[in-house]
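Each chain, written out:
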Amino acid sequence: MYTIDEVLDFLFDTKYNAHVVTVNPEIIQSAKKNKELFDIINDAELITPDGVGIRLALKMKGINQEAVTGYDLTLRILELASKRGLNIAIVGAKPENLELAVKNINLKYEGVNVVYAHDGYFTAFDDIIASIEKSGAKFLFCAMGSPKQEFFISRLKQKLKDKQTGLVMIGVGGTIDVLSGQVKLAPKFFRKIGLEWLYRTLMQPERFKRIFPTLPLFFFQSIIDSVRR
């Protein structure tokens, strides 16, 4: 078990490249069907529970772990990075949302240096990776959605395996869209009880096909696994 403060201490202190996966039921169910994704997650330096689904599954196994969501982690990193004048890179989101997010980050977190930013629509992976490497970023926020962001980070991690600079690579999903102001964050009530996914589904009905039957299947499997213990 660990707290978000302990996670932050590790990420800011590490001298080695680190992949952080903020895992949710969708990612776990995808990993069960995709060995490459499964291996990437298992190879990550840190896995945090993103939301109530993972917390409940862990609780069934007797583990009382607080949620460390991609959104919360991103905000805390930006707050601390602004005080230390650290470099940030961002890859992902639509071009217009990325531009607005960078502008908002620069306004709110004055000490943060956004040294590289590229939208999530590209095919020249090696060019993007080379630019991130040259940027001198301490943190990379990858907002391309899962599993694309995990595949990209894995490729970057392999490329930099002989150059341990302490780059922290985090898949943050829709966080950049929220920072852009174009997508609303779930109200505090929904976030407090871990139902951000329900709010997002209500606001974006097209997400329904992604959530169901993935979420019910995840909970069913978690219950079965718990009974078998």
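These remarks concern the structure in this document. Just so we're clear, the structure is a prediction, and the values are computed from it rather than from any experiment.

Reading the values: rules and limits
- Residues numbered from 1 in each chain as written.
- Predicted model: local features only at pLDDT ≥ 70, side-chain atom pairs only at ≥ 80, totals over all residues.
- Heavy atoms only, no water.
- Helix = DSSP H or I, 4+ residues; strand = E, 2+ residues; numbered from the N terminus.
- Polar contact = N/O pair within 3.5 Å; in protein donor to acceptor, adjacent residues only side chain to side chain.
- Contact = heavy atoms within 4.5 Å.
- Buried < 20%, exposed > 50% of the residue type's maximum accessible area, 1.4 Å probe, protein only.
- Phe/Tyr/Trp six-rings, centres within 6.5 Å; stacked < 30°, edge-to-face > 60°.
- Core = buried A, V, L, I, M, F, W, Y, C linked by side-chain atoms within 4.5 Å.
- Pairing = 2+ DSSP bridges.
- Arc of directions from axis to C-beta.
- Axes fitted to C-alpha atoms, helices over the stretch in contact; angles between N-to-C directions.
- Parallel < 35°, antiparallel > 145°, perpendicular 65-115°, else oblique.
- Left-handed = near helix turned anticlockwise from the far one by under 90°.
- Nonpolar A, V, L, I, M, F, W, Y, C, P; charged D, E, K, R; others polar.

## Topic: the side chain of Thr14
Here Thr14 is to be found in the loop between helix H1 (4-13) and strand E1 (18-23). Reaching out from Thr14, the side chain makes a polar contact with the backbone nitrogen of Tyr16 at a distance of 3.1 Å. If we ignore the near neighbours within four places in the chain, the residues touching Thr14 are Lys138, Gly166 and Val168.

## Observations concerning the environment of Gly120
You can see Gly120 is positioned in the loop between strand E4 (113-118) and helix H7 (125-135). Taking the relative accessible area as the measure of exposure, Gly120 reaches 8% and is therefore buried. Each C-alpha atom, one on Gly120 and one on Ile90, is 9.4 Å from the other, the two residues being 30 residues apart in sequence. Setting aside chain neighbours within four positions, we find Gly120 in contact with Gly92, Ala93, Met144 and Lys148.

## Quick look at the packing of aromatic side chains
Throughout the structure, instances matching the rule amount to four aromatic pairs. Measuring from centroid to centroid gives 5.7 Å for Phe122 and Phe152, while their planes differ by 70°, and the two rings are edge-to-face. Of this pair, Phe122 sits in the loop between E4 and H7 while Phe152 sits in helix H8 (residues 148-159); the two residues are 30 residues apart in sequence, bridging distant segments of the chain. Here Phe122 falls in the buried class, since its relative accessible area comes to 12%. A relative accessible area of 0% places Phe152 in the buried class. Measuring from centroid to centroid gives 5.8 Å for Phe125 and Phe152, while their planes differ by 50°, and the two rings are tilted. Of this pair, Phe125 sits in helix H7 while Phe152 sits in helix H8, and the two are 27 residues apart along the sequence. The pair formed by Phe125 and Phe152 is uniform in burial state, with each residue classed as buried.

## Topic: the nonpolar core
In terms of nonpolar packing, the biggest core is built from 32 residues, with Leu11, Leu73, Ile77 and Ile176 touching the most fellow members. When contributions to this core are tallied by element, the ones reaching two or more residues are H1, helix H5 (70-84), strand E3 (87-92), helix H6 (95-108), strand E5 (139-143), strand E6 (168-171) and helix H9 (175-180). It is H5 that contributes the most residues to this core, six residues altogether. Filtering out sequence-adjacent residues up to four positions away, Leu11 remains in contact with Val20, Leu46, Leu73, Ile77, Lys138, Phe139 and Val168. Counting residues in each nonpolar core, the second largest holds 18 residues, with Ile128, Ile129, Leu167 and Met169 among its members.

## Quick word on the pairing of E1
Across the six residues that make up E1, a large majority, six, are buried. Burial of the side chains of E1 extends over both faces: Ala18, Val20 and Thr22 are buried on one face and His19, Val21 and Val23 on the other. In this structure, E1 lies alongside E6, joined through three bridges in parallel fashion. Bridge pairing in E6 places His19 opposite Met169.

## A short note on H1
Within H1, the full set of buried residues consists of Ile4, Val7, Leu8, Leu11 and Phe12. In a view along the axis of H1, the buried residues occupy a sector of 120°, so they form one face of it. Looking at the buried residues of H1, the elements they touch are E1, strand E2 (46-49), H5, E5 and E6.

## Regarding the packing of H1 against H5
For the pair H1 and H5, interaxial distance at closest approach is 11 Å and the crossing angle is 50°. Relative to H5, the element H1 is oriented oblique. The handedness of the crossing between H1 and H5 is right-handed. Together, Ile4, Asp5, Val7, Leu8, Leu11 and Phe12 of H1 and Asp72, Leu73, Arg76, Ile77, Leu80, Ala81 and Arg84 of H5 make up the contact between the two elements. A per-class count over the contact of H1 with H5 returns nine nonpolar, no polar and four charged.

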